[in-house]
Amino acid sequence: MTFQAPESLAEQIAQHLEQRIVTRDLTPGSRIQELKVSGDLNVSRGSVREALLILERRHLIEIFPRRGAVVSSLTVASVNSLYDIYIDLLCMLGRKVIERWSGDELGGVMGRVREVEAVIQAVNSTGPDAAEKVIDAGFGVMRYAYGLVDNPFLEETLENFRPAISRTYFVALENFREGIGQTAVFFSRLGEAAVSGDADRLQSAITAFGEHQRQQVLSTLREEECA
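Small disclaimer: the values here were computed from a predicted structure and weren't measured.

Rules and cut-offs
Residues numbered from 1 in each chain as written. Predicted model: local features only at pLDDT ≥ 70, side-chain atom pairs only at ≥ 80, totals over all residues. Heavy atoms only, no water. Pairing = 2+ DSSP bridges. Helix = DSSP H or I, 4+ residues; strand = E, 2+ residues; numbered from the N terminus. Contact = heavy atoms within 4.5 Å. Axes fitted to C-alpha atoms, helices over the stretch in contact; angles between N-to-C directions. Phe/Tyr/Trp six-rings, centres within 6.5 Å; stacked < 30°, edge-to-face > 60°. Buried < 20%, exposed > 50% of the residue type's maximum accessible area, 1.4 Å probe, protein only. Salt bridge = Lys/Arg side-chain N within 4 Å of Asp/Glu carboxyl O. Parallel < 35°, antiparallel > 145°, perpendicular 65-115°, else oblique. Left-handed = near helix turned anticlockwise from the far one by under 90°. Nonpolar A, V, L, I, M, F, W, Y, C, P; charged D, E, K, R; others polar. Polar contact = N/O pair within 3.5 Å; in protein donor to acceptor, adjacent residues only side chain to side chain.

Colleague: Whenever I open this one, the sheet that holds strand S1 (residues 31-32) confuses me. Can you help?
Modeller: Note: strands within a sheet are paired through backbone hydrogen bonds, in either parallel or antiparallel orientation. As summarised here, the arrangement of the 3 strands in space is S1-S3-S2, forming an open sheet in which the pairing is antiparallel. The strands lining the two open edges of the sheet, one partner per strand, are S1 and strand S2 (61-64). Across the sheet, helix H3 (residues 45-57) lies against S1, S2 and strand S3 (68-71), angled at about 120° from S2, the strand it touches most.

Colleague: For this particular structure, what's the right way to read the packing of aromatic side chains?
Modeller: What characterises a pair of aromatic rings is the spacing of the ring centres plus the angle enclosed by the ring planes. Counted according to the given criterion, the structure contains 3 aromatic pairs. Relative to Phe-209, the ring of Phe-186 lies with its centre 4.2 Å away and its plane at 5°, an arrangement referred to as stacked. With Phe-186 in helix H8 (residues 179-196) and Phe-209 in helix H9 (residues 199-226), this residue pair connects regions lying 23 residues apart in the sequence. Residue Phe-209 is classed as buried on the basis of its relative accessible area, which comes to 15%. Three or more aromatic residues link up through ring pairs in this structure, and these residues are Tyr-169, Phe-186, Phe-187 and Phe-209.

Colleague: Would you take a moment to explain the pattern of salt bridges for this structure?
Modeller: Oppositely charged side chains are able to pair whenever their charged atoms sit close together. A full pass over the atoms with the stated rule returns 13 salt bridges. Of the charged contacts, one joins Glu-34 and Arg-45 as a salt bridge, the two residues approaching to 3.6 Å between their closest N and O atoms. You can see Glu-34 sitting in helix H2 (residues 34-41) and its partner Arg-45 sitting in helix H3, a full 11 residues away along the chain. Given the relative accessible area of 40%, Arg-45 is considered partly exposed. Of the charged contacts in the structure, one is a salt bridge between Lys-36 and Asp-40, with a shortest N-O distance of 2.8 Å.

Colleague: Can you walk me through the packing of helix H6 (residues 130-149) against helix H7 (residues 152-175) in this structure?
Modeller: How two helices pack is summed up by the angle between their axes together with the distance between the axes. One way to put it is that H6 packs onto H7 with a least axis distance of 10 Å and a crossing angle of 155°. The orientation of H6 relative to H7 falls into the category roughly antiparallel. For H6 against H7, the interelement crossing comes out right-handed. For the pair H6 and H7, contact is made by Ala-131, Glu-132, Val-134, Ile-135, Phe-139, Met-142, Arg-143 and Tyr-146 and by Glu-155, Leu-158, Glu-159, Arg-162, Ile-165, Ser-166, Tyr-169, Phe-170, Leu-173 and Glu-174, respectively. Residues of the contact of H6 with H7, tallied by class, amount to 11 nonpolar, 1 polar and 6 charged.

Colleague: I'm lost on unusual backbone geometry in this one. Help?
Modeller: Backbone geometry places Arg-24, a non-glycine residue, at a positive phi of 65°. You can see Arg-24 is positioned in the loop between helix H1 (9-22) and S1. The phi torsion at His-59 lies on the positive side, around 65°, for a residue other than glycine. Looking at the secondary structure, you find His-59 in the loop between H3 and S2.

Colleague: What should I look at first to understand the environment of Tyr-146 in this one?
Modeller: Here Tyr-146 shows up in helix H6. On the basis of relative accessibility, which here comes to 6%, the residue Tyr-146 falls in the buried class. Spatially, the C-alpha atom of Tyr-146 lies 8.6 Å from that of Val-97, the residues being 49 residues apart in sequence. Aside from chain neighbours lying at most four places away, what touches Tyr-146 is Leu-93, Asn-151, Glu-155, Leu-158 and Glu-159. Looking at Tyr-146, its side chain comes within polar contact range of the side chain of Glu-159, at 2.9 Å.

Here it is as structure tokens:
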């Protein structure tokens, strides 16, 4: 039996604020005041301060002297930097899965892919929480791959980037609702490539989807700058 410690209060606070940042309830440039969060959640300011440090490590906020915590901006440069490294990390994860497993042993990957497809079929693409459900289901496939690869360093690195990617993924799905259907196509191709043991095909699918999403986010940012 594996021991799992309960999430700390600071982590729970961080996840609460993270969800608000990802869904743009807290917009770029918004201040996050320790005292207000402490009062709203009925928690200590020390726990809030720890949570803010967690969010800073996850690239969702910046902490400035005398100004405090501010939701970080999404810029063309930051989005490009994020996708440059994240696409490569996902390709590495995919290659490691294929190197360690093959054929029938990868049936679990297709099981997770079918779960994503089921979520996409069930959600109303115009619903307010459709994007969140699709994003969470998609990351379920990635979390399953962690167990297959068993590389704690790769897992930790990808998990640290996950909130920032969730944020940009949300922007893409909120502004390009056809992206929900494209997500289903991507995961179907991903699963087929994994089961067939085709590393090149897998990497091509990851790269194409990541680059397409990058351009959607950049397009939205440019439109917002011109508005």
